[in-house]
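Understanding the architecture of this molecule
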Amino acid sequence: MRYTNIIFWALVLLGVGILIVAFVAAEGDSYATKPAKHYLAIQRLSELARIKNSHAAMHSSFAHQAHSEGYTAAEQLFRTIAFSERVQCRACEKALRNLGGEPSQLLAHRATESSTQDNIAAAISIKHLHRTQKSHSLILRSIASSNRYATRVMVWCDANDAHQIALLEALATSGDTSATKSYRVCPACGYISQQEPSTPLCPQCRTEATQFVRF
């Protein structure tokens, strides 16, 4: 009877020890593989951040050209979009850092000397191509991977692109080069409002509207 009890408690202790070792090993693996687990999401967000940074630089150069032509309306919109693109770039970088990644080197943009009218058309075309050839694909793959955090940031960026296209197309059809509008940009997601926000929060990311940056 005595030996039976000893064997019983020895087996119990052995089982507890095995469970503890297994738990510690599993926890160690979960921490060690966090970047690996989100590798694809990190890569997609990194790619989108590079694109957004390039688009920000492109619109900044377009704003300089519009300024030199005295095209005030275009200069104002280009500067607004450039700021929005930089906000989106930072949002992508923040998301990939939270997933365990590090931002990669950003893309540079080569300035052009085209006319402002040509730059407006180019901006619209580039954004259309980005949405159809890159953005929608990134979103669908992110949805398939069930990473809702990365997907949300990508959807914000795509919605902003659609809105910016509408603003640029309206500018292209406007005949008044000196007309200006009051734009406000959400500092968290890059959403552009053409008037005083009608709600106290950003309709896209719920940031307080009082924090919007005016252009």
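Every value quoted in this text rests on a predicted model; they were computed, and no experiment measured them.

Thresholds, definitions, all that
Residues numbered from 1 in each chain as written. Predicted model: local features only at pLDDT ≥ 70, side-chain atom pairs only at ≥ 80, totals over all residues. Heavy atoms only, no water. Helix = DSSP H or I, 4+ residues; strand = E, 2+ residues; numbered from the N terminus. Pairing = 2+ DSSP bridges. Contact = heavy atoms within 4.5 Å. Core = buried A, V, L, I, M, F, W, Y, C linked by side-chain atoms within 4.5 Å. Buried < 20%, exposed > 50% of the residue type's maximum accessible area, 1.4 Å probe, protein only. Axes fitted to C-alpha atoms, helices over the stretch in contact; angles between N-to-C directions. Parallel < 35°, antiparallel > 145°, perpendicular 65-115°, else oblique. Left-handed = near helix turned anticlockwise from the far one by under 90°. Nonpolar A, V, L, I, M, F, W, Y, C, P; charged D, E, K, R; others polar. Salt bridge = Lys/Arg side-chain N within 4 Å of Asp/Glu carboxyl O.

**A look at unusual backbone geometry**
- Phi at Ser 146 is positive, roughly 60 degrees, even though this residue is not glycine.
- You can see Ser 146 is positioned in the loop between α5 (116–144) and α6 (148–173).

**Description of the sheet that holds strand β1 (residues 184–185)**
- A sheet is described by the order of its strands in space; here 3 strands give the open sequence β2-β1-β3, paired in antiparallel fashion. If you trace the sheet from one side to the other, it starts and ends with β2 (192–193) and β3 (213–214), each paired once.
- Bridging between β1 and β2 involves 2 bridges; their strand directions are antiparallel. Looking across to β2, one finds that Val 185 is bridged to Ile 192.

**With respect to the side chain of Asp 161**
- Tracing the sequence through the fold places Asp 161 in helix α6.
- If we skip the residues at most four places from it in the chain, Asp 161 touches Lys 52, Glu 85, Lys 127, His 130 and Arg 131.

**A few points about the nonpolar core**
- Tyr 71, Ala 74, Leu 77, Phe 78, Ile 120, Leu 168 and Leu 171 are the most contacted members of the largest nonpolar core, which totals 22 residues.
- At the level of elements, α3 (39–69), α4 (72–98), α5 and α6 are the ones that each hand at least two residues to this core.
- Looking at this core element by element, the count peaks at 7 residues for α4.
- Beyond its immediate sequence surroundings of up to four residues, Ala 74 is in contact with Ala 66, Thr 116, Ile 120 and Leu 171.

**Quick word on the packing of α3 against α6**
- Two elements in contact, α3 and α6, have axes whose closest approach is 11 Å; the angle formed by their N-to-C orientations is 25 degrees. By the angle between their axes, α3 is roughly parallel relative to α6. Relative to α6, the crossing made by α3 is left-handed. Contact residues: α3 offers Ala 41, Arg 44, Leu 45, Leu 48, Lys 52 and His 59, while α6 offers Ala 150, Val 153, Met 154, Cys 157, Asp 161 and Leu 168.
- Partitioning the contact of α3 with α6 into residue classes produces 8 nonpolar, 1 polar and 3 charged.

**Let's talk about the pattern of salt bridges**
- One pass over the full model with this rule turns up 7 salt bridges.
- Among the ionic pairs, Glu 47 bridges to Lys 134, the shortest N-O distance being 2.7 Å. Within this pair, whereas Glu 47 is found in helix α3, its partner Lys 134 is found in helix α5, the two being separated by 87 residues in sequence.
- Here Lys 134 falls in the partly exposed class, since its relative accessible area comes to 26%.
- Notably, a salt bridge pairs Arg 131 with Asp 158, separated by 2.9 Å at the nearest N-O pair. Here Arg 131, found in helix α5, pairs with Asp 158, found in helix α6; they are 27 residues apart in sequence, far enough to count as distant.
- A single salt-bridge network, built from bridges that share partners, covers Lys 52, Glu 85, Lys 127 and Asp 161.

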